[in-house]
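Below, each chain spelled out in residue letters.
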Amino acid sequence: MADECFGHPRLAAIYDPLDPDRSDLDAYVEMTEEFEARQVLDIGCGTGVFARALAERGIEVVGVDPAQASIDVARAKPGSERVRWICGDATTLPPLRVDLATMTANVAQQILDPQEWRETLRGAYEVLRPGGRLVFETRDPAGRAWEEWNREASYRVTEIPGVGAVESWVQVVEVSEPLVTFRWTYVFAADGQVLTSDSTLRFRERQEVVTELIAQGYEVEGVRDAPDRPGKEFVFVARRP
């Protein structure tokens, strides 16, 4: 089930304005070019920012996400017709063949159940061409990123055209490593509605991820640093032999 911030129509509609800086995706665009990928599967595509960026470069993209509200937002954007959108996940994909599969931002960490994680990695493997790659990021648990997730550090008011002012902030609800649960709160000034969205992330150790990738048939080509969070994340590059 998708978190409310992705699955609730009112929240999905403001997701992009609340998080307009997507420079974290630049590294993925560069890797797409580095690996000369012409067909890409964007797992957990959300509102389609990355998928559309690739499509604008002439790349054939399939975007898959379990949140229908986010897919609807993606489909409404200019140029969205260049992307094939699927409401679902990597475990239930139609027949595909791609050069590169990606899980950007928090996507990999939002897959909590170990069996689901294995099935996701296997699902991506099955659609990759021999020599194709899976690329994704996950935060280093040693960084304890959740210790900075609080109202004081995150509170802001965003003016959104056609919506009005929206207050938002995040607070940690529970830490039970490797799982961390946090809650975003949104207050719409236009009518006073208050909506919340609870999310849980799984913080996997580097070797844990490497071991599972190998178990699913991948060769781990490397573990890179994330340019937008140096020293805080692992970016895995895994290849289907």
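The structure we're discussing is the one just above.
The structure reproduced in this document is the subject of the present report. All values reported here derive from a predicted model rather than from experimental measurement. (Residues numbered from 1 in each chain as written. Predicted model: local features only at pLDDT ≥ 70, side-chain atom pairs only at ≥ 80, totals over all residues. Heavy atoms only, no water.)

**Side note on the overall build of the chain**
What counts, and what does not: Numbering of helices and strands starts at the N terminus; helices are DSSP runs of H or I of at least 4 residues and strands are runs of E of at least 2. When we talk radius of gyration, it's over C-alpha atoms, and the globule rule is simply 2.2 Å times the number of residues to the 0.38. Residue burial is assigned from relative accessible area. The probe radius is 1.4 Å, only protein chains are included, and a residue is buried under 20% of its type maximum, exposed over 50%, and partly exposed in between. Here the Shrake-Rupley method, with its probe set to 1.4 Å, supplies the accessible areas, and only the displayed protein chains count as covering residues. Under this rule, positive means Lys or Arg and negative means Asp or Glu; His and the chain ends count for nothing. To locate a charge, the coordinates of NZ of Lys, CZ of Arg, CG of Asp or CD of Glu are taken.
Looking only at helices and strands, the chain features 9 helices and 11 strands. Rg of the C-alpha trace for the chain: 18 Å, near the compact-globule value of 18 Å for 241 residues, within the 12% margin. For the chain, the spread of C-alpha atoms along the principal axes amounts to about 55 × 40 × 30 Å. Classification of the 241 residues of the chain by burial places 51% in the buried group. As displayed, the chain offers around 11,400 Å² of accessible surface, 47% of which is attributable to carbon and sulfur atoms. The averaged location of the 42 negative side-chain charges in the chain is 4 Å from the averaged location of its 27 positive side-chain charges.

**Side note on the environment of Leu54**
Applied cut-off: By definition in these notes, contact holds between two residues if any of their heavy atoms fall within 4.5 Å.
When you line up the elements, Leu54 lands in helix H5 (residues 49-55). On the basis of relative accessibility, which here comes to 0%, the residue Leu54 falls in the buried class. C-alpha of Leu54 to C-alpha of Pro114: the two residues are 60 residues apart in sequence and 30 Å apart in space. Setting aside chain neighbours within four positions, we find Leu54 in contact with Val29, Thr32, Val40, Ile59 and Val61.

**Observations concerning the sheet that holds strand E8 (residues 179-188)**
For the record, the criterion: Only strands that DSSP links by at least two bridges are regarded as paired with each other. Every axis corresponds to a line fitted to the C-alpha atoms, with the helix fit spanning only the stretch in contact, and the corresponding angles, defined between N-to-C directions, vary from 0 to 180 degrees.
Pairing is antiparallel across the open sheet formed by 4 strands, whose spatial order is E6-E7-E8-E9. Pairing within the sheet leaves two strands with one partner each, and these edge strands are strand E6 (156-160) and strand E9 (194-202). Across the sheet, the mean angle from the axis of one strand to that of its neighbour is 25°, orientation sign disregarded. Here 10 bridges tie strand E7 (residues 164-176) to E8, and the two strands are oriented antiparallel to one another. Among the inter-strand pairings, Trp169 is bridged to a residue of E8, identified as Thr185.

**Here's the deal with the nonpolar core**
This is how the line gets drawn: To form a nonpolar core, buried Ala, Val, Leu, Ile, Met, Phe, Trp, Tyr and Cys residues must be joined to one another through side-chain atoms within 4.5 Å.
Within the largest apolar cluster, 29 residues are counted, with the highest numbers of intra-cluster contacts made by Leu41, Ile43, Met103, Leu134, Phe136, Leu213 and Tyr218. Secondary-structure elements contributing two or more residues to this core are strand E1 (39-43), strand E2 (60-65), strand E4 (98-103), helix H7 (114-127), strand E5 (128-139), helix H9 (206-215) and strand E11 (233-239). Broken down by element, the residue count for this core peaks at 5 residues, all from H7. Those residues within four positions of Leu213 in sequence are excluded, and the remaining contacts are Leu121, Leu134, Phe136, Tyr218, Val220, Phe236 and Ala238. Core analysis: the second largest hydrophobic core is formed by 23 residues, Tyr28, Met31, Ala55 and Ala226 among them.

**Quick look at the pattern of salt bridges**
Note the threshold: A carboxyl oxygen of Asp or Glu within 4 Å of a side-chain nitrogen of Lys or Arg is what we treat as a salt bridge.
Per the stated rule, a full pass over the model turns up 14 salt bridges. Here Asp16 and Lys77 are joined by a salt bridge, their closest N and O atoms 2.5 Å apart. Of the two residues, Asp16 sits in helix H3 (residues 15-18) while Lys77 sits in the loop between helix H6 (68-75) and strand E3 (83-87), which places them 61 residues apart along the sequence. Pair check on accessibility: Asp16 and Lys77 agree, each one buried. Among the charged side chains, a network of salt bridges with common partners joins Arg133, Glu219, Glu221 and Arg239.

**Comments concerning the packing of aromatic side chains**
Selection rule: Pairing of aromatic side chains requires ring centres within 6.5 Å, counting the rings of Phe and Tyr and the six-membered ring of Trp. Pairs whose planes differ by under 30 degrees are stacked, by over 60 edge-to-face, and all others tilted. Geometrically, a lysine NZ or arginine CZ counts as sitting over a ring once it is within 6 Å of the ring centre and also within 35 degrees of the ring normal.
Enumeration according to the criterion identifies 11 aromatic pairs in this entry. Seen in terms of ring centroids, Tyr28 and Phe50 are 6.0 Å apart; in terms of plane orientation they differ by 70°. Their pairing is edge-to-face. Of the two residues, Tyr28 sits in helix H4 (residues 26-34) while Phe50 sits in helix H5, which places them 22 residues apart along the sequence. An angle of 35° between the planes, with centres 5.9 Å apart, marks the rings of Tyr155 and Trp169 as tilted. Taken as a pair, Tyr155 in the loop between helix H8 (151-154) and E6 and Trp169 in strand E7 lie far apart in primary sequence, 14 residues in all. Overall, Tyr155 belongs to the partly exposed group, its relative accessible area being 36%. For Trp169, a relative accessible area of 10% gives the class buried. Through a chain of ring-to-ring contacts, the aromatic side chains of Trp117, Phe136, Phe234 and Phe236 assemble into a single cluster. Across from the ring centre of Phe188, 3.8 Å away, lies the NZ or CZ of Arg10, which sits over that ring. When the ring centre of Trp117 is taken as origin, the NZ or CZ atom of Arg204, which lies over that ring, is 4.0 Å away.

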